[in-house]
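# Close look at the chain arrangement
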Amino acid sequence: MAVRQPGPTGTGPRPSTTPHPSRTPRIPRIPRTPRPSHRLLPLALALLLAGAVLAAAHHARPLPYGDRLTVLTRADARTAKGAAAIRGTGVEAYDPATGAVRWRHAREGRRPLEVLPARGEAITLWDDGMITAADGRTVRWHRALPAATGWLPAYGGTGVLRPLPRGMLAVITPDRIAAYRIKDGDLRWALPAGEGCAFEPGRAVRHEAALLVAQPCPAGAWTAQLIAVDDLGRIAPDRTPLGNDVPGRTSEPAKSEKLVAEPR
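Residues numbered from 1 in each chain as written. Predicted model: local features only at pLDDT ≥ 70, side-chain atom pairs only at ≥ 80, totals over all residues. Heavy atoms only, no water.

## Description of helix α2 (residues 148-155)
For α2, the full list of buried residues reads Ala148, Trp151 and Leu152. Angular distribution of buried residues about the axis of α2 spans 105°; they occupy a single face of the element. When the buried face of α2 is taken as reference, the exposed residues oriented beyond 90 degrees from it are Thr149, Gly150, Pro153 and Ala154. Where α2 is buried, its residues meet β7 (112-118), β8 (121-126) and β12 (168-172). (Buried < 20%, exposed > 50% of the residue type's maximum accessible area, 1.4 Å probe, protein only. Helix = DSSP H or I, 4+ residues; strand = E, 2+ residues; numbered from the N terminus. Arc of directions from axis to C-beta. Contact = heavy atoms within 4.5 Å.)

## Things to note about the pattern of salt bridges
For the structure on display, the rule yields 14 salt bridges. Of the charged contacts in the structure, one is a salt bridge between Arg137 and Asp135, with a shortest N-O distance of 3.2 Å. On the basis of relative accessible area, Arg137 is assigned to the exposed category, the value being 67%. Across the pair Arg140 and Asp135 runs a salt bridge, and its minimum N-O distance is 3.6 Å. According to the relative accessible area criterion, Arg140 is partly exposed, its value standing at 27%. Several salt bridges converge on common partners, so that one network encompasses Asp67, Arg107, Arg110 and Asp128. (Salt bridge = Lys/Arg side-chain N within 4 Å of Asp/Glu carboxyl O.)

## Side note on empty space enclosed by the protein
Using a probe with the size of a water molecule, rolled over the atoms, empty space left in the structure can be pinpointed. Under the counting rule described, the total for this entry stands at one cavity of 30 Å³ or more. Looking at the largest cavity, its volume works out to about 40 Å³. Lining the largest cavity we find Pro146, Trp151, Thr173, Pro174, Asp175 and Arg176. (1 Å grid on protein atoms, 1.4 Å probe; cavity = no way out; pocket = protein on both sides within 12 Å on 5 of 7 lines; lining within 4 Å. Points joined across faces, edges and corners; volume = space filled by probe spheres on them.)

Read these as spatial facts, not as claims about activity.
Structure, rendered in structure tokens:
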């Protein structure tokens, strides 16, 4: 029985602070971690679905420059030297042993003017002045000719693409000759036509490692109307050699000058 004691004023009893012997102290409960709401599951599924849709849209988007590359048969080491030719509005590469078309490259709204077959790929000049290099897996590079609409329709692409030794490509226009590395399309050198002169793409001939290009000049000496170039640029005494190899690779052997087939 609790004993009441006088309050602070001494006029009334106050409750005892002695705990009741029958009462036990309460043990504090540990709060439970709240479980994730079931409403988060639809949100997670929606995010996964959105990611899949974005990935599909990324793969389905059109290639740049209107490229359409269709792989029909896979090539192996035995068919790596297949030829390429213009067929309708596109370029087809085929296996010369079986005649099977390996792949087809077309560009939306464009027409190929000239194709230069290379080992396992095709270098194509299009009617808008674009040059492409395709290998059946992808279109590896694009290069645009300057002011092509002013002269390309008259030439029709004849003789614009010319092979050079050691994996190089010469692109002849009336205003200049430019050389690109076939492996990656890197511009290695450019030779402008002389003042009052113009190169003629259709009047070029290969002589061993040299490419002889006509450069008619109304008032020039006849010696200046024929230019000789190779993979290093204009052939001249004491010229400075260029490093035309792909960075990180050693120089190609001399037989690599047959990398590009002669135009047919």
